[in-house]
Amino acid sequence: MNARRLTAILDRFSSKKIMVLGDLIADEYLFTHCSRISREAPVLILKYESRKIVLGGGANAVHNVCSLGAKVVPLSVVGEDEMGEYLLSLMQGKGISTDLVYRARGYQTTTKTRVLAGSHHTAKQQVVRIDREMQTPVDGEVEEFIIQSLAENIDLVDALLVSDYGLGVCSARVREAVSQLAAEQPSRIITIDSRYELLSYRRATALTPNEPEIEQALGRKLKTEDDLKLCGQMALDKTGSKNILITRGQRGMFLLEQTGDFHFIPIYGQDEVADVTGAGDTVISTFTLALSAGATPLEAAQLANYAGGIKVTKSGTAPVFWQELRDAVEGEGAGEHE
């Protein structure tokens, strides 16, 4: 790792502008403490303490791009409901334009409610999660808005990040529009994080699945490092994409480049894992920003690895900040010369 080179890339983040296309999610946290066992049923009675709502899903990717110092343009849809308005106000409060976020009547803003419990003397632990989400793709009017907005605004940004949680925003027509854009503008940086439709995106700059997602997409189990190489190449061949970065949890990351070069990247900060929620959003945000700032795929993956390692030391959905990432890079660079 060349720390000086990586810090130079970081210094260019502030001049970049990234479009994030995907599913915006409200992550709601209910903090409680355990009171007693109910006499009505063998369940805990939890006393409510506080509530927090943060940017989740694609909105977490938006938040990470912003916290890393770049400008960000979310392209998505929310409902005309409480959580939709809350997401918009959270983004606007951070100086993020929501002009390309469609307010759709009848659309339910996806909300993931996590209930955390503990005693007054212990850390809060997640005990249950409740998901409220749409089960159908967006309607034709919203779909048309997204496709048209993508075409009209893509030349105003340095890269396109797709955060597809399978919640309807990235419909078949939207995925085709992204693939067509990649075909027409092969030098355009387009990165894809898709939970269920990874192989339907074509000619992307990079795919960033985790191991379960690549296993599901290809119908193969990743048991060895050779399996990683094989499945990574299969994904690139099937999609015509240039690079694939597979996140592997405690085992770090695997990067396969279009040149055939591959790299196993050990996890950063593995002894301090607190919560992996949202780590994939942090990884693709950092990776995309680094590519737009002139990083090679390996340099971008190294920075994304640092960012992911920082994120998992934080509880809940939380972004990584530019200074935190720079401190990590400089700290590792100093260690090289001790």
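Coordinates for the structure precede this section.
Computed from a predicted structure; not experimentally measured. (Residues numbered from 1 in each chain as written. Predicted model: local features only at pLDDT ≥ 70, side-chain atom pairs only at ≥ 80, totals over all residues. Heavy atoms only, no water.)

Here we look at the sheet that holds strand 12 (residues 253-256)
- One open sheet holds the nine strands; their spatial order is 5-4-1-8-9-10-11-12-13, and the pairing between them is mixed. Strands at the two margins of the open sheet, each flanked by one partner only, are strand 5 (101-104) and strand 13 (262-265).
- Pairing analysis gives four bridges linking strand 4 (residues 71-79) to strand 5, with the strands arranged parallel. From the neighbouring strand, Val 78 faces strand 5, where its bridge partner is Arg 103. (Pairing = 2+ DSSP bridges. Helix = DSSP H or I, 4+ residues; strand = E, 2+ residues; numbered from the N terminus.)

Notes on the side chain of Thr 208
- Among the secondary structure elements, Thr 208 is positioned in the loop between strand 10 (206-207) and helix 6 (211-218).
- Among all residues touching Thr 208, those that are not within four sequence positions of it are Ile 192, Asp 193, Leu 245, Ile 284 and Phe 287. (Contact = heavy atoms within 4.5 Å.)

Quick notes on the pairing of strand 1 (residues 17-22)
- Judged by how many residues are buried, strand 1 sits mostly within the fold: five of six residues are covered.
- Here five bridges tie strand 1 to strand 4, and the two strands are oriented parallel to one another. Paired with Leu 21 across the strands is Leu 75, a residue of strand 4.
- Pairing analysis gives five bridges linking strand 1 to strand 8 (residues 159-164), with the strands arranged parallel. Paired with Val 20 across the two strands is Leu 161, which belongs to strand 8. (Buried < 20%, exposed > 50% of the residue type's maximum accessible area, 1.4 Å probe, protein only.)

Observations concerning the side chain of Arg 175
- For Arg 175, the location among the structural elements is in helix 5 (residues 172-184).
- Taking the relative accessible area as the measure of exposure, Arg 175 reaches 14% and is therefore buried.
- Side-chain polar atoms of Arg 175 contact the backbone oxygen of Cys 170, separated by 2.9 Å.
- Arg 175 has contacts with Asp 164, Cys 170, Glu 197, Ser 200 and Tyr 201, leaving out every residue within four places of it along the chain. (Polar contact = N/O pair within 3.5 Å; in protein donor to acceptor, adjacent residues only side chain to side chain.)

Some thoughts on unusual backbone geometry
- A positive phi is found at Arg 203, a non-glycine position, where the angle reads about 60°.
- Relative to the helices and strands, Arg 203 is located in the loop between strand 9 (189-194) and strand 10.

So, the sheet that holds strand 3 (residues 44-57)
- Taken together, the four strands give an open sheet; going across it, the order is 3-2-6-7, and neighbouring strands pair in mixed fashion. Only two strands of the sheet have a single neighbouring strand rather than two, namely strand 3 and strand 7 (125-132). Mean inter-strand twist for the sheet, computed between neighbouring axes without regard to direction, equals 20°.
- Here strand 2 (residues 24-37) pairs with strand 6 (residues 110-117) via seven bridges, running parallel. Pairing of Asp 27 across the sheet is with Lys 112, part of strand 6.
- Each of strand 2 and strand 3 is contacted by helix 2 (residues 58-67), which is oriented at about 65° to strand 3, the strand it contacts most. (Axes fitted to C-alpha atoms, helices over the stretch in contact; angles between N-to-C directions.)

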